Amino acid sequence: TSPAYDPNNIFAKILKGEIPSVKLYEDDDTLAFMDVMPQATGHLLVIPKTGSRNLLDADPAVLVKLIPVVQKLANAAKQAFEADGVFVAQFNEAAAGQTVYHLHFHVIPRHEGVPLKP
Ligand code: 5GP
């Protein structure tokens, strides 16, 4: 079982408007905003408004609403940045590279031969 959701995580604060973000898309269930430390131009994050720690504890009904937004923004980012491809990923728990404990999908436009920034 996953540890409990912490309602004071950074993305919860972004959802509450306590921390500013560059918002790209919002609906009743989902928010997308720019990553503050982009690994490539156009790096954005898509999060559900409900509190899930990560994919492991997410309600499948939340994922059903979230994934189509991830798809739309992956296509939009690919077009907007004239990318050759799009990296979409998410990490679950520290051992896998997770640092913010509110479910989020990374969407990163990729260009042939251009490495990600560290
Ligand atoms: P992960 O948990 O998947 O490793 O990554 C968390 C991501 O959130 C990182 O890419 C990091 O740059 C981003 N991030 C951390 N703090 C903030 C913040 O305050 N605002 C925004 N927009 N992104 C953040």
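Please read all numbers here as calculations on a predicted model, not as lab measurements.

Enquirer: What should I look at first to understand the overall build of the protein chain in this one?
Expert: Regarding its fold elements, the protein chain presents 2 helices and 5 strands. Against the globule reference of 13 Å for 118 residues, the protein chain gives a C-alpha radius of gyration of 14 Å, in line with a compact fold. The C-alpha extent of the protein chain, read off along each of the three principal axes, is 40 × 30 × 30 Å. Of all intrachain contacts in the protein chain linking residues separated by at least 6 positions in sequence, the fraction that spans at least 24 positions is 60%.

Enquirer: Looking at this model, I keep getting lost on the site of the ligand. Mind explaining?
Expert: Around the ligand there are 13 residues in total, and Val36, Met37, Gln98, Thr99 and Val100 lie nearest to it. Of the residues contributing to the shell around the ligand, the split by class is 8 nonpolar, 4 polar and 1 charged.

Enquirer: Help me understand the UniProt feature "domain: HIT" (unreviewed entry) in the protein chain, please; the structure alone is not making it clear to me.
Expert: On the UniProt side, "domain: HIT" (unreviewed entry) is annotated at positions that read residues 10–117 here. End C-alpha to end C-alpha, residues 10–117 measures 22 Å, and it is 26% helix and 23% strand.

Enquirer: I would appreciate a short explanation of the UniProt feature "active site" (unreviewed entry) in the protein chain in the present structure.
Expert: When the UniProt feature table is mapped onto this chain numbering, "active site" (unreviewed entry) sits at His104. Looking at the element boundaries, His104 is found in the loop between strand S4 (85–89) and strand S5 (105–110). Not counting the four nearest positions on each side in its chain, His104 is found in contact with Phe11, Leu45, Val46, Ile47 and Gln90.

Enquirer: I keep staring at unusual backbone geometry and nothing clicks. Help me out?
Expert: With glycine set apart, most residues show a phi of negative sign, and most peptide bonds adopt trans. Located in the positive-phi region is Glu82, a residue other than glycine, with phi close to 50 degrees. Relative to the helices and strands, Glu82 is located in the loop between helix H2 (60–80) and S4. What makes Glu82 exposed here is the crowd of 9 C-beta atoms within 10 Å. One non-glycine residue with positive phi stands out, namely Glu93, at about 80 degrees. Inspection of the secondary structure assignment puts Glu93 in the loop between S4 and S5.

Enquirer: Could you clarify how one ought to interpret the sheet that holds S5 in this entry?
Expert: Hydrogen bonding along the main chain pairs the strands of a sheet, whether they run parallel or antiparallel. Read across the open sheet, the 5 strands follow the order S1-S2-S3-S5-S4; overall the sheet is antiparallel. Of all the strands in the sheet, the pair left with one neighbour each is strand S1 (23–26) and S4. In this sheet, adjacent strand axes meet at a mean angle of 20 degrees when their direction is disregarded. Note: strand S2 (residues 30–34) against strand S3 (residues 44–48), 5 bridges, orientation antiparallel. Bridged to Met34 within S3 is Leu44.

What counts, and at which threshold
- Residues numbered from 1 in each chain as written.
- Predicted model: local features only at pLDDT ≥ 70, side-chain atom pairs only at ≥ 80, totals over all residues.
- Helix = DSSP H or I, 4+ residues; strand = E, 2+ residues; numbered from the N terminus.
- Rg over C-alpha atoms; globule rule 2.2 N^0.38 Å.
- Contact = placed C-beta atoms within 7 Å.
- Near = placed C-beta within 6 Å.
- Nonpolar A, V, L, I, M, F, W, Y, C, P; charged D, E, K, R; others polar.
- UniProt positions renumbered as here; feature names shortened; annotations may be inferred.
- Buried ≥ 20, exposed ≤ 12 C-beta atoms within 10 Å, placed from the backbone.
- Pairing = 2+ DSSP bridges.
- Axes fitted to C-alpha atoms, helices over the stretch in contact; angles between N-to-C directions.

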